[in-house]
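Topology and contacts: notes
What follows is each chain in one-letter form.
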Amino acid sequence: MLYDAGKIIAGLVIFAAFFTVPFWYGSDKTSEMPKLELTAKAKQAGQCVEPKEQMRQNHMQLLDDWRDAAVRDGNRTYTNSAGKSYTVSLQNTCMDCHANKDKFCDRCHGYMGVSELYCWDCHLDPTKEKNLWASTDGNS
Amino acid sequence: MNVMLPLFAVIALVVLAIVGVKGAHLSGLFGIVIPYAAFVIFLGGMIARVIGWARSPVPFKIPSTCGQQKSLPWIKADNLETPHNTAGVIGRMALEVFFFRSLFRNTQADYSGGEQKLVYGSEKFLWLAGLAFHWTFLYIFLRHLRFFSEPIPFFVPFLEGLDGLLQIGVPRLFMTDLVILAAVTFLVVRRLMLPQVRYISLPADFFPLFLILGIAISGILMRYFIKVDLVSVKALTMSLVTLSPRMPEGPIGAVFYVHLFLICVLFAYFPFSKLVHMGGVFLSPTRNQTNNSREVRHVNPWNYPVKYHTYEEYEDEFREAMIGAGLPVEKQAATPSETAE
């Protein structure tokens, strides 16, 4: 027999509910990965500053290094692993191709809950401040 | 031996995961089958353990107390140290579960003083490291909900923001990562350095510590050093929780499988190890009982109905003979006073 059955069962229900949260919580659950949209210019370029796999995993590291290089050391030139040089600039290099922040950056960042990015504390968010957007490219 | 065995066991688990995924290409086994199995073992095992405890009767009132029991109204009672009602028990349990109050009283014997006397001193570091470890573990556990939910609950970004408040590096350094490493390292070193604690430490004490250290280190490596494609990771975890398991198209680094496999081992090991204290703390009779044995009689649940013969019944049976033998009786035979009573 079960002593204090009421309390035991209540406790077990709370325990099971807590540990199965991922199974019952959330209305937008899907096993699909978020789809990114590349701008025409990005498609045309074919490759980012570094290979795609590396950018997926390490873009935050690259951006951090770029920030330090440009802002702290005044070094505006980046040479990638293939020997090609790029101007170190989020807005003029990265977002020249990836001008569609809301359909590129935000898709994965939203999916992964990377919400506390402070990129846009200093840089212009093209989806919010269109008038101030300095890009000469008109495909956003 | 007590240290090396669990250490090599954890290293073997790490190697197993790497070889299994990169050598034998069993990413489906390590990514889908083992996580499901571990989760089922964990949930089922914990429930079975709790049911097992709940089926065991508690024959005695055995709260361990260290305060004035509730007695006469003019004697001040301590309802947290020796609770006499449910509210007191809840307060006492809450302090125990959330702040490890009993561990705060931890003492340590020391014989190394100048006069070679055995001295007992207060020892708060175990309490502090234990508290830091458990709270950061919970914090990190909740933080991981971002891999298991869509939409992500509101408190997860809040926890992450608070954790990464220092904005060191990208991805931002989580303070809990440092705290859990420091706390678990302390718990390991304590078992190694103190002779009397080392003497009573078994492989089952070191194994969970090394396992959790392995989980923390692999997680830290994955976040800051050997990065993996997290979107693929979340695609995998979400396919698990939507019960439509599927390996993502892109490859995921081996360090992820090491992290996941060690967690699976932890989950599967949980119900059969000292780690069940997660559930056990709520069911320990020395903590969850009221100390009200003077107010309420505690009946041993396994007492079976005893057929007993009271003195009154005995006297009724033998009254004539007792009077005949000159023995005193409480009630005289067939006197009117019997009915008057």
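All values derive from a computational prediction rather than experimental measurement.

1. Things to note about the overall build of chain B
Of the regular secondary structure elements, chain B holds 14 helices and 2 strands. Relative to a compact globule of 341 residues, whose C-alpha radius of gyration would be 20 Å, chain B shows 30 Å and is clearly more extended. Once the C-alpha set of chain B is aligned to its principal axes, its extents read approximately 100 × 60 × 45 Å. The buried share of chain B, reckoned over its 341 residues, is 24%. Sequence separation of 24 or more characterises 62% of the internal contacts of chain B that already satisfy a separation of 6 or more.

2. Things to note about the interface of chain B and chain A
Each partner contributes residues to the interface: chain B has 39 residues there, and chain A has 34 residues. Of all the secondary-structure elements, those providing two or more residues to the side of chain B that touches chain A are helix H2 (27-54), helix H5 (155-163) and helix H9 (230-241) of chain B. Considering only residue class, the side of chain B that touches chain A consists of 22 nonpolar, 9 polar and 8 charged.

3. A look at the packing of helix H1 (residues 4-23) of chain B against helix H8 (residues 203-225) of chain B
Residue and element names in this part refer to chain B. With their axes 8 Å apart at the nearest point, H1 and H8 run at an angle of 35° to one another. Where H1 crosses over H8, the handedness of that crossing is right-handed. Contacts between H1 and H8 pair Leu 5, Pro 6, Leu 7, Ala 9, Val 10 and Val 14 from the former with Pro 203, Phe 206, Phe 207, Phe 210, Leu 211 and Gly 214 from the latter.

4. A word on the packing of H2(B) against helix H10 (residues 254-269) of chain B
Residues and elements named next belong to chain B. The interhelical angle for the contact between H2 and H10, taken along N-to-C directions, is 20°, at an axis separation of 8 Å. It follows from the interaxial angle that H2 and H10 lie roughly parallel. Helix-helix and strand crossings are classified by hand; for H2 and H10 the assignment is left-handed. In this structure, H2 uses Ser 27, Phe 30, Gly 31, Ile 34, Pro 35, Ala 38, Phe 39, Ile 41 and Phe 42 to contact H10, whose residues at the interface are Tyr 257, Leu 260, Phe 261, Cys 264, Phe 267 and Ala 268. Of the residues that constitute the contact of H2 with H10, the class distribution is 13 nonpolar, 2 polar and no charged.

5. Some remarks on H10(B)
Counted at 1.5 Å a residue, the expected span for H10(B) with its 16 residues is 22 Å, and the 22 Å between its end C-alpha atoms agrees. Extensive coverage of H10(B) is indicated by the burial of 13 of its 16 residues.

6. Some words on the domain arrangement of chain B
Domain assignment breaks chain B into domain 1 (4-307) and domain 2 (309-341). Look at where the C-alpha atoms of domain 1 of chain B and domain 2 of chain B centre, and you get two points 66 Å apart.

7. Regarding the nonpolar core
All names here are of chain B. The biggest cluster of nonpolar side chains holds 49 residues, and the ones touching the most others in it are Val 184, Leu 211, Tyr 257, Phe 261 and Cys 264. Mapped onto this core, the elements with two or more residues apiece are H1, H2, helix H6 (175-193), H8, H9 and H10. Top element by residues in this core is H10. It accounts for 12 residues. When neighbours within four sequence positions are excluded, Leu 211 is seen to be in contact with Val 10, Leu 262, Val 265 and Leu 266.

8. Observations concerning the environment of Phe8(B)
Considering the arrangement of structural elements, one finds Phe8(B) in helix H1. Separated by 199 residues in the primary sequence, Phe8(B) and Phe207(B) place their C-alpha atoms 9.5 Å from one another.

9. Notes on unusual backbone geometry
A negative phi angle is the norm for most residues apart from glycine, just as the trans form is the norm for most peptide bonds. Note that the residue after Glu150(B), namely Pro151(B), is joined by a cis bond; omega there is 0°. Positionally, Pro151(B) belongs in the loop between helix H4 (125-143) and H5. Residue Pro171(B) follows Val170(B) across a cis peptide bond; omega there is -5°. By the element assignment, Pro171(B) lies in the loop between H5 and H6. Phi is positive for Asp4(A), close to 50°, though the residue is something other than glycine. Topologically, Asp4(A) is positioned in the segment before helix H1 (5-19). Classification of Asp4(A) by C-beta neighbours within 10 Å gives partly exposed; the count is 13. Backbone geometry at Phe100(B) places phi at a positive 50°, although glycine is not the residue there. Relative to the helices and strands, Phe100(B) resides in the loop between helix H3 (86-99) and strand E1 (107-110).

10. A short note on the confidence of the model for chain B
Residue and element names in this part refer to chain B. Looking at chain B, pLDDT values average 91 and 97% of them are 70 or higher. Here helix H14 (residues 337-340) stands out as the element of chain B with the lowest mean pLDDT, 48, in contrast to H10, whose mean of 96 is the highest. Taken together, the chains of this predicted complex give a pTM of 0.87 and an interface ipTM of 0.84.

11. Considerations on the environment of Leu63(A)
Within the secondary structure, Leu63(A) sits in helix H4 (residues 52-72). A sequence separation of 56 residues divides Leu63(A) from Cys119(A), and the C-alpha atoms of the two residues are 9.4 Å apart. Among all residues touching Leu63(A), those that are not within four sequence positions of it are Leu90(A) and Val170(B).

12. Overview of the environment of Leu266(B)
All names here are of chain B. Take Leu 266: it is sitting in helix H10. Expressed as a C-alpha distance, the spacing of Leu 266 and Phe 39, which sit 227 residues apart in the sequence, is 10.0 Å. Once residues lying within four places of it in the same chain are set aside, the contact partners of Leu 266 are Leu 211 and Ile 215.

13. Concerning H6(B)
Residues and elements named next belong to chain B. With 19 residues, H6 extends 26 Å from end C-alpha to end C-alpha; this agrees with the ideal 27 Å at 1.5 Å per step. Buried within H6 are the following residues: Thr 176, Ile 180, Ala 183, Val 184 and Leu 187. In a view along the axis of H6, the buried residues occupy a sector of 90°, so they form one face of it. Away from its buried face, by an angle of more than 90 degrees, H6 presents the exposed residues Val 189, Leu 192 and Met 193.

Procedures and definitions
Residues numbered from 1 in each chain as written. Chains lettered and ligands numbered in written order. Predicted model: local features only at pLDDT ≥ 70, side-chain atom pairs only at ≥ 80, totals over all residues. Helix = DSSP H or I, 4+ residues; strand = E, 2+ residues; numbered from the N terminus. Rg over C-alpha atoms; globule rule 2.2 N^0.38 Å. Buried ≥ 20, exposed ≤ 12 C-beta atoms within 10 Å, placed from the backbone. Contact = placed C-beta atoms within 7 Å. Nonpolar A, V, L, I, M, F, W, Y, C, P; charged D, E, K, R; others polar. Axes fitted to C-alpha atoms, helices over the stretch in contact; angles between N-to-C directions. Left-handed = near helix turned anticlockwise from the far one by under 90°. Parallel < 35°, antiparallel > 145°, perpendicular 65-115°, else oblique. Expected span 1.5 Å × (residues − 1). Domains from an automatic or database assignment. Core = buried A, V, L, I, M, F, W, Y, C linked by C-beta atoms within 7 Å. pLDDT = per-residue confidence, 0-100. Arc of directions from axis to C-beta.

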